[in-house]
Amino acid sequence: MAWIRVKKDFPCPICEHTDWCSVAKDGKGVLCMRVDSPKPQEAGGWYHSLKDPIPAHRLRPKKAISSPAPDFSQYRDRFKMGVANPKLYHLATMLGLPAESLIQLEAGWNGKEYTFPMYDGRCECIGIRLRAEKGAKFAVKGSKNGLFVPLAGAYPDSRQTLYICEGETDTAALVAMRIPAIGRPACQTGTEYIKQFLGNTRRDVIIIADRDKPHERPDGTLSRPGIEGAQRLAQAIHGLVRGVKVVLPPLHKDVRAWYHAGGTGNAVLSLAANTAWTKKISEKT
């Protein structure tokens, strides 16, 4: 199916945001990245059928003026913060994370928002996530939703277990706990980049899912996007790794909340060690 990306003058009919989501070219469906449905998509997001198709004239794209692709690595390097930048410590205090872990993620400040580079599976910078002072997240125009990869690199040693979490701040929390980790952009996205990142290393992988509160879908079934996304990722990479586990932060919403409550690297390793190798986590967890 062919898709048209939403934009400022053409918001998503489901979540009403102007980024990340797409509308089918026939106007009959929407791929929403924020609101779930009984039809999750393998590449991320959920499919929604539209009772009233969008008229063709609204779907017709305007002629775009060609321009060179943004150099996101240049943007990253221009704004990333060093140890002398007071905004680094402001962000560290705001997030409750060590400044060093934010430096590892090449966090920056562009004068208005904090910046976090995103990478594809070859560790090439393909976008910049922006984080406002009040926590709102968006991205530099032209960005693709990629992985958050610390300066420690791609962890090429296949004997080293790789941890995968969700988002830049959870990744920074794992880095603070000295756990080799990368972050996916959201619980339903980044799968293809992760598969590319893993390559042929055949390493063990631990996926740490967010502990979402169950919420009801339109059909009455319960949804836990964080766990369900982690399960799908585990299934997608199962053939590329030696073993894969899906774990949940004990009693906490996510890794950063666990870190704030005193979580340590040893606690993360212990949780992983006491979880059976599996493709799927029990819905009763």
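Just above sits the structure.
As the structure is a computational prediction, the values presented were derived from the model and not from experiment.

Is there a simple way to explain the overall build of the protein chain in this structure?
If you tally the helices and strands in the protein chain, you get 9 helices and 14 strands. For the protein chain, whose C-alpha radius of gyration is 19 Å, the value lies close to the compact-globule estimate of 19 Å for 285 residues. If you line up the protein chain on its principal axes, its C-alpha atoms span 55 × 45 × 35 Å. By the burial criterion, 48% of the 285 residues in the protein chain qualify as buried. For the protein chain, the accessible surface area stands at approximately 14600 Å², while carbon and sulfur atoms represent 53% of it. One finds the centroid of the 42 positive side-chain charges in the protein chain at a distance of 2 Å from the centroid of its 28 negative side-chain charges.

I keep staring at helix 3 (residues 86-95) and nothing clicks. Help me out?
Regarding helix 3, the residues found buried are Lys-87, Leu-88, Leu-91, Ala-92 and Leu-95. The buried residues of helix 3 occupy an angular sector of 145° when the element is viewed end-on, so they sit on one face. Of the residues in helix 3, the exposed ones pointing more than 90 degrees away from the buried face are Pro-86 and Thr-93. Contact partners of the buried residues in helix 3: helix 4 (99-104), strand 5 (108-109), strand 6 (114-119), strand 7 (125-131), helix 5 (168-176) and helix 8 (255-260). Where helix 3 ends, the next residue or the one after it, Gly-96, has phi of about 70°, a positive value.

Mind showing me how you'd approach helix 2 (residues 72-79) here?
Three- or four-residue spacings in an α-helix give side chains the same orientation, since the helix completes a turn every 3.6 residues. Among the residues making up helix 2, those that are buried are Phe-72, Arg-76 and Phe-79. Mapping the buried residues of helix 2 onto a view down its axis gives an arc of 90°, with all of them on the same face. Turned more than 90 degrees from where helix 2 packs its buried face, Gln-74 and Arg-78 sit exposed.

Thresholds, definitions, all that
Residues numbered from 1 in each chain as written. Predicted model: local features only at pLDDT ≥ 70, side-chain atom pairs only at ≥ 80, totals over all residues. Heavy atoms only, no water. Helix = DSSP H or I, 4+ residues; strand = E, 2+ residues; numbered from the N terminus. Rg over C-alpha atoms; globule rule 2.2 N^0.38 Å. Buried < 20%, exposed > 50% of the residue type's maximum accessible area, 1.4 Å probe, protein only. Areas by Shrake-Rupley, 256 points an atom, 1.4 Å probe, with all protein chains shown as cover. Lys, Arg positive; Asp, Glu negative; His and termini not counted. Charge placed at Lys NZ, Arg CZ, Asp CG, Glu CD. Arc of directions from axis to C-beta. Contact = heavy atoms within 4.5 Å.

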